[in-house]
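Listed below, chain by chain, are the residues.
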Amino acid sequence: MSGKISPLRLKEMICLAEFEQGGGKRAIRICQYGRSGYIALRMIISFFFAAAAAALLVFLAASRDLDGFLLMIQNADPKRLLSAAAVFFVLAAAAYLTVTYMKADAEYRKAEKQVRIYEERIQMLLRFPDAEDPSRR
Amino acid sequence: MLTAAFGEKLKSIYARWAAYIDAAARFLAALFFFFSVYRATGFWGMITPPVLIVAAVITACAGTVTVCVTGCALIIAEAFFLSPFAGAFAACELLLLYILFLRLVPEDLAAFLLMAPAFSVGAPAVVPTVCGLRRGCASAFAAASGTAVYYLLKAFDQAVPEIQEAGKNDYAAVLRALSEHALGQEAFAACLITAAAVCGVYILRRCRFRYSFEIAAAAGGAIWFLLFAAAGRLFGVAFDLPRTAVGGAVSSVAGLLIQLLFLRIDYSRTRSLRFEDDDYYYYVKAVPKMTAFSGNLPQAEFPVFDEINEEGGKGGLGSGGNAEGAGTGHTPVHPEINQAELEKRLEDSLRNL
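Computed from a predicted model, the values in this text were never measured in an experiment.

**Q** Describe in detail the overall build of chain B, supporting the description with residues and values.
**A** Scanning chain B for helices and strands turns up 16 helices and two strands. For chain B, buried positions account for 38% of its 353 residues. Restricting to contacts in chain B with at least 6 residues of sequence separation, those with at least 24 account for 72%.

As structure tokens, this is what we get:
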């Protein structure tokens, strides 16, 4: 084997390494999962975020008249209050999880495409001859 | 041609020094954001301009996410020194913005950072215009979150007399004062207008009619001003319309500048093309991007899909290259590809990674 590497091959190796360490790091990590597995994972995480967001939303909405809000809770029928809270939470979580699903799906597709190109480039790199490799001539 | 050449020059400079230019841009964004927070609050005596500059340098080296986290921590800390309940309110609002919007668009955090400084200098429409021109509709989330942060900072400024009068431990008064200003109709309308301006510019840019890029660039400021004027009537809020008009004009100029430098299109060389594969006929309108190298190319050098199909056989898009590639004035594809062409193709495809 000759010691010289083609400049083009070197450039491509650097580009691929940059992809692995930079923008492609996340894409490669995402593609370790299957599509449905990745989306399910994102939705489970998002469910907890949705719960936190609903609580924060209620707090911020009530902050204009916090005393009045607490008084209203104290005087309200617990069953009606719980059912209203449940309906609010289900609607908020459904909206948030729908957006999460769309986002995760798009992310996965994009990552899959990037990794496919990356793998094709690696295959191409393996086939590409060195500059002064007499054994390949 | 001069602007196209200048745009190419800027791109080549950026390609060479990307790491340093990115870090410098992050530093400036961090500095502007931190100083916007400092100007609006300033309750914590330890935070001084030299401290902010050092913080901007450190966070700029670490990345955009670090700049955002540090900026939000600064807001919460400053609010905490005003009143512990103000700190809790700020933390809740920022956390809500993160969960609802910023978590979904981590790549558009720059818009979030720059919105408050843009409001401070009186040209807030620049950020939505640039987002619409260079990014997608999703960046509306980040820009609207930035607007919400600006109104939060403004609320601290406006609520100080009320909080001092009521006492900083009166939680009901503190929360009422802050929520009236930070979550009022004005803030809500401004967030919606910001999102609408981003989407409006983006939709115009994607339209198929001639000069859509130019119109989108110029329309950013106009959309911003018209929506503020309409919202003022609708919600009964007294927006500062002369200032909004000036900001809108500045944003239109900024948008046109970006369009001239980076989004130039040569409509004089528009071609309507037709080609086919086994299943479809394709009718393609190819409008070439104007670069410093393609502006003076004669018409004859422009590749035609029908010719490519004849040369390379029936193959559709795959054999002839895509319409955009055909429009850049490159030579037609030949079966024998030399080393230089192969290198260029590889670079192009790697750039697409």
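**Q** I'd like a rundown of the overall build of chain A, residues and numbers included.
**A** Across its full length, chain A carries five helices and zero strands. Secondary structure of chain A in N-to-C order comes out as α-α-α-α-α. By the burial criterion, 15% of the 137 residues in chain A qualify as buried. Across chain A, the fraction of contacts at a sequence separation of at least 24, relative to all contacts at a separation of at least 6, is 90%.

**Q** Report on the interface of chain A and chain B, specifying residues and quantitative values.
**A** For an interface, size is often stated in terms of accessible area lost upon the parts coming together. Taken together, the 23 residues of chain A in the interface contact 22 residues of chain B. For the side of chain A that touches chain B, the secondary-structure elements that each account for two or more residues are α1 (7–21), α3 (35–62), α4 (66–75) and α5 (78–127) of chain A. With seven residues, the top contributor of residues to the side of chain A that touches chain B is α3 of chain A.

**Q** Lay out the pairing of strand β2 (residues 281–286) of chain B with the relevant residues and their values.
**A** All names here are of chain B. In terms of strand pairing, strand β1 (residues 271–276) meets β2 through six bridges, oriented antiparallel. When the bridges of β2 are listed, F275 appears paired with Y282. In this antiparallel pair of consecutive strands, β1 and β2, the connection spans four residues.

**Q** Just give me the short version of the packing of helix α5 (residues 84–102) of chain B against helix α8 (residues 139–166) of chain B, but keep the residues and values in it.
**A** Residue and element names in this part refer to chain B. Running from N to C, α5 and α8 cross one another at 170°; their axes reach a closest spacing of 10 Å. Taken together, the axes of α5 and α8 lie roughly antiparallel to each other. Contact residues: A90, E93, L97, F101 and L102 in α5; F141, A142, A144, S145, A148 and L152 in α8. Among the residues making up the contact of α5 with α8, the classes are represented as nine nonpolar, one polar and one charged.

**Q** Can you lay out the nonpolar core for me, pointing to particular residues and giving the numbers?
**A** Counting residues in hydrophobic clusters, the biggest one holds 95 residues, and the most contacted among them are M115 and A143 of chain B. When residues in this core are grouped by element, the largest group, 15 residues, is from α8 of chain B.

**Q** Explain helix α11 (residues 212–235) of chain B residue by residue, including any values.
**A** Along α11 of chain B, the largest kink reaches about 40° and is centred on A219 of chain B. Looking one or two residues past α11 of chain B, G236 of chain B carries a phi angle of roughly 70°, positive in sign.

**Q** Describe the confidence of the model for chain A, naming the residues involved and giving the relevant values.
**A** When the pLDDT values of chain A are averaged, the result is 84; 90% of them are 70 or greater. When mean pLDDT is taken per element in chain A, α3 of chain A scores highest with 91 and α1 of chain A scores lowest with 82.

**Q** Which residues make up the environment of R35 of chain A, and what values do they have?
**A** By secondary structure assignment, the location of R35 of chain A is in helix α3. It is 11 Å that separates the C-alpha atoms of R35 of chain A and Y101 of chain A, two residues lying 66 residues apart in sequence.

**Q** Outline unusual backbone geometry, supporting the account with residue identities and numerical values.
**A** All names here are of chain B. With phi around 60°, Y211 is a residue other than glycine that occupies positive phi space. On the secondary structure map, Y211 appears in the loop between α10 (185–206) and α11. The exposure class of Y211 is partly exposed, given the 13 C-beta atoms found within 10 Å.

**Q** Explain the environment of S212 of chain B to me, and be specific about the residues and the numbers.
**A** All names here are of chain B. Tracing the backbone through its elements, the reader meets S212 in helix α11. Overall, the presence of 16 C-beta atoms within 10 Å leaves S212 in the partly exposed class. Separated by 117 residues in sequence, S212 and L95 place their C-alpha atoms 38 Å apart. Among all residues touching S212, those that are not within four sequence positions of it are L204, R205 and C207.

So, how was this worked out
- Residues numbered from 1 in each chain as written.
- Chains lettered and ligands numbered in written order.
- Predicted model: local features only at pLDDT ≥ 70, side-chain atom pairs only at ≥ 80, totals over all residues.
- Helix = DSSP H or I, 4+ residues; strand = E, 2+ residues; numbered from the N terminus.
- Buried ≥ 20, exposed ≤ 12 C-beta atoms within 10 Å, placed from the backbone.
- Contact = placed C-beta atoms within 7 Å.
- Pairing = 2+ DSSP bridges.
- Axes fitted to C-alpha atoms, helices over the stretch in contact; angles between N-to-C directions.
- Parallel < 35°, antiparallel > 145°, perpendicular 65-115°, else oblique.
- Nonpolar A, V, L, I, M, F, W, Y, C, P; charged D, E, K, R; others polar.
- Core = buried A, V, L, I, M, F, W, Y, C linked by C-beta atoms within 7 Å.
- Bend = angle between axes of the 7 residues up to and from the residue.
- pLDDT = per-residue confidence, 0-100.

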